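# Analysis of the macromolecular model
What follows is each chain in one-letter form.
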Amino acid sequence: MNARNYQREMEEVLARVDAGDRVPTLLLHACCAPCSSFVLTVLAEHFRVTVLYYNPNITDAAEFDKRAKELQRLVDELPVRYPVSVIVPEYRPEEFYEIARGLEQEPERGRRCEQCFRLRLMYTAREAERVGAEYFATTLTISPQKDAALLNAIGAEAEALLFADTAAEDDKPGSGAESEEKPAGSLPKYLPSDFKKKGGYAESVRLSEVYGLYRQNYCGCAFSKRDAALRDRAKAAAGQSPAAVAKQEPEGDL
Ligand code: SF4
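Residues numbered from 1 in each chain as written. Predicted model: local features only at pLDDT ≥ 70, side-chain atom pairs only at ≥ 80, totals over all residues.

### With respect to the overall build of the protein chain
- Each helix and strand counted, the protein chain has 9 helices and 5 strands in total.
- Taking all 254 residues of the protein chain together, 37% fall into the buried category.
- Pairs at least 24 apart in sequence give 77% of the contacts found in the protein chain among residues at least 6 apart. (Helix = DSSP H or I, 4+ residues; strand = E, 2+ residues; numbered from the N terminus. Buried ≥ 20, exposed ≤ 12 C-beta atoms within 10 Å, placed from the backbone. Contact = placed C-beta atoms within 7 Å.)

### Let's talk about helix α2 (residues 33–43)
- Taken across its 11 residues, α2 has 10 buried, putting it largely inside the fold.
- Of all the positions in α2, only Ala33, Pro34, Cys35, Ser36, Ser37, Phe38, Val39, Leu40, Val42 and Leu43 are classed as buried.
- Where α2 is buried, its residues touch β1 (25–29), β2 (48–52), α3 (61–77), β3 (84–87), β4 (135–138) and α7 (200–210).

### Remarks on the site of the ligand
- If you check the shell around the ligand, you find Asn57, Glu108, Arg112, Cys113, Cys116, Cys219, Gly220, Cys221, Phe223 and Ser224 and nothing else.
- Going through the elements one at a time, α5 (111–131) and α8 (222–237) are the ones with two or more residues in the shell around the ligand.
- Among the elements that make up the shell around the ligand, the one with the highest residue count is α5 (3 residues).
- Of the residues that constitute the shell around the ligand, the class distribution is 5 nonpolar, 3 polar and 2 charged. (Near = placed C-beta within 6 Å. Nonpolar A, V, L, I, M, F, W, Y, C, P; charged D, E, K, R; others polar.)

### Describing the pairing of β4
- Both faces of β4 are covered, namely the face carrying Tyr135 and Ala137 and the face carrying Phe136 and Thr138.
- Strand direction decides the pairing type here: β1 and β4, joined by 4 bridges, are parallel. Paired with Leu26 across the bridge in β4 is Tyr135.
- Alignment of β4 against strand β5 (residues 189–190), held across 2 bridges, turns out to be parallel. Across the sheet, the residue bridging to Phe136 is Tyr190, located in β5. (Pairing = 2+ DSSP bridges.)

### So, the sheet that holds β4
- Read across the sheet, 5 strands follow the order β3-β2-β1-β4-β5 without closing on themselves; strand pairing throughout is parallel. For this open sheet the edge positions go to β3 and β5, each flanked by a neighbour on one side alone.
- Bridge count for β2 against β3 is 4 bridges, and the pairing is parallel. In the strand pairing of β3, Leu52 is matched with Ile87.
- Of the strands in this sheet, β2 and β3 touch α3, which is tilted by about 165 degrees from β3. (Axes fitted to C-alpha atoms, helices over the stretch in contact; angles between N-to-C directions.)

### Let's talk about the environment of Ala156
- Within the secondary structure, Ala156 is located in helix α6 (residues 148–171).
- Once the C-alpha coordinates of Ala156 and Leu191 are considered, the two residues, 35 residues apart in sequence, prove to be 8.6 Å apart.

### Description of the environment of Glu127
- Looking at where Glu127 falls in the secondary structure, it is placed in helix α5.
- Spatially, the C-alpha atoms of Glu127 and Pro188 are 9.6 Å apart, while their sequence positions differ by 61 residues.
- The residues touching Glu127, leaving out its near neighbours within four places in the chain, are Leu27 and Leu52.

Spelled out as structure tokens, the structure:
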């Protein structure tokens, strides 16, 4: 069976959006400024984008704030067709540690990452419904380190959950015609993506250099920071200079 082409699926949605007579709204979950750079140049051509920086996985408040400020700076400086705004929810690391419990030793791309994706995408779906966005998406599919098929499956799961919640509300005794307040068609839809395709990842690296964006060398959580340090030490022990190790492609979100 052929693997799904999420890039093409996104292009089909964009073509339908462009054929419409209005510009829809989209809530974009963003992990950091470098991953958002190319993604915003694509999506803000077709949508009014609100960026949601929901990342309780990040190691500590200082790193969280640093990435958030860099993201806001990017949004302020990046020329785009339609206006982009940013929402930064409060930093609540306990939400990440709750889903990561027992998975601390998992490697990147393992079960901890799956739960981390689910936490962030479920929150994004609910927030998209709360703010009345018509679509939601994530920057995470730009990373060559991340499983786009898994991310897109979780995105579809998050969309389905919103429909299930609405149906359950409608089934409650006494809900009656209240379902008309929130018809299923008005719930946000997940926009599939694989932003790294068609040179997307390379373009995000180029834009990061153009805008001088802070690029972290680990994905985000304390466990990925620990693993990145171990990798660096192993490379140094194998004879690579610290400068050569630092130049290599980051192992994290970007
Ligand atoms: S490595 Fe990245 S995706 Fe995986 S749990 Fe840590 S922050 Fe989340």
